[in-house]
Amino acid sequence: MKTRMTNLVHELLAGHLRPKDKAIDATAGNGHDTLFLAKAVGGQGMVFAFDIQPEAIEQTRAKLTQEQIENVRLILAGHERMGELVSKEYLGQIAAITFNLGYRPGSDKSLVTQPETTLTAIECGLNYLKPNGLVTIVAYVGHPGGEEEANAVRNWLEKLDKKLFDWKLYESEAPQSPCTFVLRKL
Ligand SMILES: C[S@@+](CC[C@H](N)C(=O)[O-])C[C@H]1O[C@@H](n2cnc3c(N)ncnc32)[C@H](O)[C@@H]1O
């Protein structure tokens, strides 16, 4: 089911992103989403990719190197520091921001995204989005704290000004499957 929600996001973004676009992967993990974004925006585009784990940054770097991709800035830091670490020149310029919450498959499950920092990053990310830009958030509910984080995201989205943003929740009926929020800046 993880794969299906990731596919949904990639399908949506494949139809949305254009060459030369700029994007942010807020949770680089093993680098699948970063690689996807980098290919989608092409060599003249730009991707910023955050993760708190050096191993995640190195896994992502290895994937990019293998594909000779150079349009990614890897940032070893929490996404909640986006406002400080992504230059202000990109405010209102970013076409898409992806969040794939939870823990990195194959790594320490205690190094997991947290509701407070996730919400800080999403809120900050909205300032970087360009009109019609998308934020995708895949939230897993199968690990401790996952359901609380998904609920926190949902509650936060429900308070957004509907004149400025719209969002949609994609859910599967399968138990423990992740849900995906797709937010658009109007
Ligand atoms: C589900 S994995 C991401 C999967 C990844 N997108 C991929 O394609 O492989 C979640 C990642 O979020 C990272 N993470 C946890 N807290 C974070 C934070 N505050 N800022 C950035 N990344 C964080 C974890 O280290 C982990 O690598």
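Owing to the predicted nature of the structure, the values given are computational and were not obtained by experimental measurement.

Q: Outline the overall build of the protein chain, listing residues and values.
A: A tally of helices and strands in the protein chain yields six helices and seven strands. Ordered by position from the N terminus, the helices and strands of the protein chain form the series α-β-α-β-α-β-α-β-α-β-α-β-β. For 186 residues, the compact-globule formula gives about 16 Å, and the C-alpha radius of gyration of the protein chain, at 15 Å, lands near that figure. Taking all 186 residues of the protein chain together, the buried fraction comes to 53%. Contacts in the protein chain between residues far apart in sequence, at least 24 positions, make up 72% of those at least 6 positions apart. Entry remark: accessible area of the protein chain is about 9300 Å², with carbon and sulfur atoms responsible for 49%. In the protein chain, 21 positive and 23 negative side-chain charges are present, and the distance between their average locations comes to 6 Å.

Q: Run through the packing of aromatic side chains, naming residues and quoting values.
A: Counted according to the given criterion, the structure contains two aromatic pairs. Between Trp-167 and Phe-181, the ring centres sit 6.2 Å apart and the planes meet at 55 degrees, which makes this aromatic pair tilted. Of this pair, Trp-167 sits in strand S6 (residues 165-170) while Phe-181 sits in strand S7 (residues 179-185), placing them 14 residues apart in sequence.

Q: Lay out the site of the ligand in plain terms, naming residues and giving numbers.
A: Lining the immediate surroundings of the ligand are 22 residues, of which Thr-27, Asp-33, Asp-51, Gln-53 and His-79 lie closest. Within the backbone of Asn-30, a nitrogen or oxygen atom sits 2.9 Å from an oxygen atom of the ligand. In the model, an oxygen atom of the ligand is placed 3.5 Å from a nitrogen or oxygen of the Gly-31 main chain. Residue composition of the shell around the ligand, grouped by class: seven nonpolar, eleven polar and four charged.

Q: Now, about the sheet that holds S6: what can you tell me, with residues and values included?
A: Read from one edge of the open sheet, seven strands run S3-S2-S1-S4-S5-S7-S6, paired in mixed fashion. Only two strands of the sheet have a single partner each, and these edge strands are strand S3 (72-76) and S6. Ignoring strand direction, the axes of neighbouring strands in this sheet form an average angle of 15 degrees. Relative to S3, strand S2 (residues 46-51) is paired through five bridges, and the arrangement is parallel. For Phe-50, the partnering residue across the bridge sits in S3 and is Ile-75.

The rules behind these values
- Residues numbered from 1 in each chain as written.
- Predicted model: local features only at pLDDT ≥ 70, side-chain atom pairs only at ≥ 80, totals over all residues.
- Heavy atoms only, no water.
- Helix = DSSP H or I, 4+ residues; strand = E, 2+ residues; numbered from the N terminus.
- Rg over C-alpha atoms; globule rule 2.2 N^0.38 Å.
- Buried < 20%, exposed > 50% of the residue type's maximum accessible area, 1.4 Å probe, protein only.
- Contact = heavy atoms within 4.5 Å.
- Areas by Shrake-Rupley, 256 points an atom, 1.4 Å probe, with all protein chains shown as cover.
- Lys, Arg positive; Asp, Glu negative; His and termini not counted.
- Charge placed at Lys NZ, Arg CZ, Asp CG, Glu CD.
- Phe/Tyr/Trp six-rings, centres within 6.5 Å; stacked < 30°, edge-to-face > 60°.
- Near = heavy atom within 4 Å.
- Polar contact = N/O pair within 3.5 Å; in protein donor to acceptor, adjacent residues only side chain to side chain.
- Nonpolar A, V, L, I, M, F, W, Y, C, P; charged D, E, K, R; others polar.
- Pairing = 2+ DSSP bridges.
- Axes fitted to C-alpha atoms, helices over the stretch in contact; angles between N-to-C directions.

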